[in-house]
Amino acid sequence: LGAPLFSDLPGDIAVSFEFFPPKSDRMAETLWNSVATLAPLAPRFVSVTYGAGGSTRTRTHEQVVRIQNEAGIPAAAHLTCVNATREEVDAVARHYWEEGIRHIVALRGDPPEGASGYAPHPGGYENAADLIAGLKRVADFEISVAAYPEVHPDSPDAQADIDNLKAKFDAGATRAITQFFFDPECFFRFRDKAAAAGIEGEIVPGIMPVMSFAAVQRMSDLCGTAIPSWMEGLFEGLDERPAARQLVSATIAAELCRRLYAGGVREFHFYTLNRAELSYAICHMLGKRPTGTAK
Ligand code: FAD
């Protein structure tokens, strides 16, 4: 393979962690404990998602501001254009800027459940590229966007998807975070295609540690991520064995990251699903240690 052994990985990587806004006090506590666990790894940023159709606008805002102010980690707010006028989206962004939030993950968003395909809100932003241009008119935010190594389901073909990603960088994005994937070669092919299209911005792999194989299967069906045939076998019989499942899951994700590292990747974004332990373990295996601690 040519990939270094885990023991040789020096931890010269940057990481970021994604959370979703909690629905209850108990979930808020879990989220906060996870932020506290991951904070010593000195993430470049932590981001908080925006519920479908803007349904979590207030909760996303609260968590983003709290993470930045109380945990002292640069926080990024996800923001979509679904179900909102340009003025409404601009007002949300302006409020973030006033609160000291300087980083937005700018997304189109998905159509509401049951809708046949995406349609922009009348008076709203058309898509992510249009949203980025609007955000840049509000203030000089740092902007991250979504990218799809296995092609977005709405895209007519792979080249149109790359062209769309280029349009997002041209509109002012500086980083793309990918949809989760399980095949490192798929990421490398995508990175090569993006470079060939003249994209110079960072493309950061989004890593999804598998908490529940059934849930990952459902998500993969929706977003077009391929699940390798070997993976089902590895999780077989582990439904009632959470500890064993976690070990298997950490091993799979760490191996994916190790191969990405061998291919030159030095930045990783983790979909934590608000739990810290798996992401922490994977970072640890990649050589990442709490700040101030020698490896
Ligand atoms: P866009 O980049 O606007 O485009 C989506 C697709 O449509 C592309 O394939 C593009 O080629 C095609 N397209 C766009 N415009 C045109 C056009 N004019 N003509 C032809 N084709 C076009 N969703 C949420 O609701 N909340 C979140 O917090 C959230 N966070 C995410 C974080 C990451 C890292 C990722 C990868 C996804 C996230 N999503 C989130 C999901 C995202 O909203 C969906 O994948 C959505 O369907 C597409 O959003 P986008 O920003 O990629 O859209």
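Calculation rules
Residues numbered from 1 in each chain as written. Predicted model: local features only at pLDDT ≥ 70, side-chain atom pairs only at ≥ 80, totals over all residues. Axes fitted to C-alpha atoms, helices over the stretch in contact; angles between N-to-C directions. Helix = DSSP H or I, 4+ residues; strand = E, 2+ residues; numbered from the N terminus. Parallel < 35°, antiparallel > 145°, perpendicular 65-115°, else oblique. Contact = placed C-beta atoms within 7 Å. Expected span 1.5 Å × (residues − 1). Buried ≥ 20, exposed ≤ 12 C-beta atoms within 10 Å, placed from the backbone. Near = placed C-beta within 6 Å. Nonpolar A, V, L, I, M, F, W, Y, C, P; charged D, E, K, R; others polar.

### Some points on the packing of helix α4 (residues 128–138) against helix α5 (residues 158–171)
Consideration 1: Packing of α4 against α5 brings their axes to within 8 Å, and their N-to-C directions diverge by 0°. In terms of their interaxial angle, α4 and α5 are classed as roughly parallel. Where α4 approaches α5, its residues Ala-128, Ala-129, Ile-132 and Ala-133 are matched on the opposing element by Asn-164, Ala-167, Lys-168 and Ala-171.

### Focus: helix α2 (residues 57–71)
Consideration 1: For α2, which comprises 15 residues, the first-to-last C-alpha distance of 21 Å matches the rise-based estimate of 21 Å (1.5 Å per residue) to within 8%.
Consideration 2: Within α2, burial applies to Thr-60, His-61, Gln-63, Val-64, Ile-67 and Gln-68.
Consideration 3: Buried residues along α2 sit in contact with β1 (14–19), α1 (25–38), β2 (45–48) and β3 (75–80).
Consideration 4: Positioned one or two residues after α2, Gly-72 has a phi angle of 70°, which is positive.

### Some points on the site of the ligand
Consideration 1: Near the ligand, the surroundings consist of 23 residues, among which His-78, Arg-108, Asn-127, His-152 and Ser-155 are the closest.
Consideration 2: For the shell around the ligand, the secondary-structure elements that each account for two or more residues are β3, β4 (103–107) and α5.
Consideration 3: With four residues, the top contributor of residues to the shell around the ligand is α5.
Consideration 4: Taken together, the residues that form the shell around the ligand break down as eight nonpolar, ten polar and five charged.

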